Every structure is written in C-alpha cells, then in structure tokens.
Amino acid sequence: MENNNTIRNAFTMKLKPGFEAEYKVRHDQIWPELQALLSDTGIQDYSIFLDEKTLTLFAVQKLSKDFDSAYLPNHPIVKKWWNYMADIMETNPDHSPITNPLKEVFHLD
C-alpha cells in the first residue's frame with residue numbers, strides 16, 4: 001500500500017538454523033556504503049524482525065515513489081552483501097536471499 005510519499009513494502013526471508021546471533025551481529029555492523037546506497041535509492045524506515053520459532057525473517061520498509069527495484073540487485077555493493085550473507089540464509093543460485101513478498105491486508109496510521 002502507499003501514501004502520498006512512500007510505498008510500504010514487506011517480505012519474508014529465511015535464516016539457516018544456528019545463525020540467529022550472527023545475523024544480528026552482521027546487521028549491527030552493516031557497511032556504511034550499503035546503508036548509504038539503500039537510503040540513496042529510496043529505502044526508508046527499514047526493519048527486519050526474526051520469528052525465532054520458524055527462523056523466518058520479516059522485513060518491512062518504506063520505498064520512495066521513484067524507487068527502482070531493478071537497480072539494487074545489479075549493484076556491486078549489494079552483490080557483495082549477498083555473498084557475505086549467503087552462508088547464513090536461504091538463497092537463490094546468485095546468492096540473493098529467497099524472498100516472499102507479502103500482501104498488505106491492514107494498515108493503521
């Protein structure tokens with residue numbers, strides 16, 4: 001769903017067993033160049049939550065209306081991050097995380 005300035009986006013990913021703490025450490029130490037790239041391309045208010053019972057990661061973010069979803073997957077910094085994270089997450093052959101988009105069914109401001 002969207003408001004006047006942003007589009008809300010949510011998706012799930014899956015963590016491999018035993019890597020809960022490592023996932024948090026890596027994100028606590030997110031590379032400044034990756035953080036800047038995400039912000040510069042229009043990703044705002046980005047959070048990832050972990051369901052510890054299922055190891056499902058739930059991500060929610062706000063995207064600027066001009067966000068180009070085709071740009072980031074081809075960026076060298078993103079590809080480097082995917083390679084860095086591939087050992088602890090379920091991934092596609094290119095090391096991108098397997099994601100499942102979620103349909104928004106309710107929102108309250």
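What you see is a predicted model, and the numbers here were worked out from it, not measured in a lab.

(A) How the structure looks around the sheet that holds strand β1 (residues 6–14). Reading across the sheet, the 4 strands line up as β2-β3-β1-β4 and stay open at both edges, with antiparallel pairing between neighbours. Each edge of the open sheet carries a strand with a single partner, namely β2 (43–51) and β4 (100–101). The sheet contact formed by β1 and β4 spans 2 bridges and is antiparallel. By the bridge assignment for β4, threonine 12 is matched with asparagine 100.

(B) Region of the structure containing the pairing of β2. The pairing of β2 with strand β3 (residues 56–64) spans 7 bridges and is classified as antiparallel. Residue serine 47 lies in a different strand from β3, and its bridge partner there is valine 60.

(C) Highlighting the pattern of salt bridges. Scanning the model with the defined rule gives 5 salt bridges in all. The salt bridge involving lysine 24 is made with aspartate 28; its shortest N-O contact spans 2.9 Å. Of the two residues, lysine 24 and aspartate 28 both sit in helix α1 (residues 20–28), 4 residues apart, roughly one turn of that helix. Across the pair, aspartate 28 and lysine 24 agree in class, each one exposed. Several salt bridges share partner residues, and in doing so they unite Glu22, Arg26 and Asp87 into one network.

(D) Looking closely at the packing of α1 against helix α3 (residues 76–85). Relative orientation of the contacting elements α1 and α3 amounts to 155 degrees, with a least axis distance of 12 Å. Between α1 and α3, the angle falls in the class roughly antiparallel. Seen from above, α1 lies across α3 with right-handed handedness. Residue-level contacts link Tyr23, Arg26 and His27 of α1 to Trp81, Tyr84 and Met85 of α3. Taken together, the residues of the contact of α1 with α3 sort by class into 4 nonpolar, 1 polar and 1 charged.

(E) Quick peek at the packing of aromatic side chains. Counted under the stated rule, the structure contains 4 aromatic pairs. Ring pairs connect the aromatic residues Trp31, Trp81 and Tyr84, which therefore count as one cluster. The aromatic ring of tyrosine 84 is capped on one face by arginine 26, whose charged end is 4.6 Å from the ring centroid. Its end group placed over the ring of tryptophan 31, lysine 80 keeps NZ or CZ at 5.2 Å from the ring centre.

Thresholds, definitions, all that
- The residue count restarts for each chain, going from 1 along the sequence in the order it is written.
- Per-residue local features of the predicted model are confined to residues with pLDDT of at least 70, and side-chain atom pairs are confined, for both listing and counting, to 80 or more; whole-chain, interface and lining totals are unaffected and use all residues.
- The basis for the side-chain values is all heavy atoms of the structure; hydrogens and waters are excluded.
- Two strands pair under a simple rule: DSSP has to find at least two bridges between them.
- Helix and strand assignments follow DSSP, with helices taken as H or I runs no shorter than four residues and strands as E runs no shorter than two, numbered in order from the N terminus.
- A side-chain nitrogen of Lys or Arg and a carboxyl oxygen of Asp or Glu constitute a salt bridge if their distance falls within 4 Å.
- We call a residue buried when its accessible area falls under 20% of the maximum for its residue type, exposed when it is over 50%, and partly exposed in between, using a 1.4 Å probe and counting protein chains only.
- All axes here are fitted lines through C-alpha atoms, helices being fitted over the stretch that makes contact, and every angle between N-to-C directions spans 0 to 180 degrees.
- By definition in this entry, angles of less than 35 degrees are roughly parallel, angles greater than 145 are roughly antiparallel, angles of 65 to 115 are roughly perpendicular, and the rest are oblique.
- Note: crossing handedness is left-handed where the near helix turns anticlockwise from the far helix by less than a right angle, and right-handed where it turns clockwise.
- Residues count as neighbours in contact if any of their non-hydrogen atoms are within 4.5 Å of one another.
- All amino acids are sorted into three groups, where Ala, Val, Leu, Ile, Met, Phe, Trp, Tyr, Cys and Pro are nonpolar, Asp, Glu, Lys and Arg are charged, and the leftover types, Gly among them, are polar.
- Working definition: rings of Phe, Tyr and Trp (its six-membered ring) pair if their centres are within 6.5 Å, and the pair is stacked with planes under 30 degrees apart, edge-to-face with planes over 60 apart, and tilted otherwise.
- For a lysine, the NZ atom is tested; for an arginine, the CZ atom; a charge sits over a ring if that atom is within 6 Å of the ring centre and within 35 degrees of the ring normal.

By themselves, these figures tell us nothing about what the structure is for.
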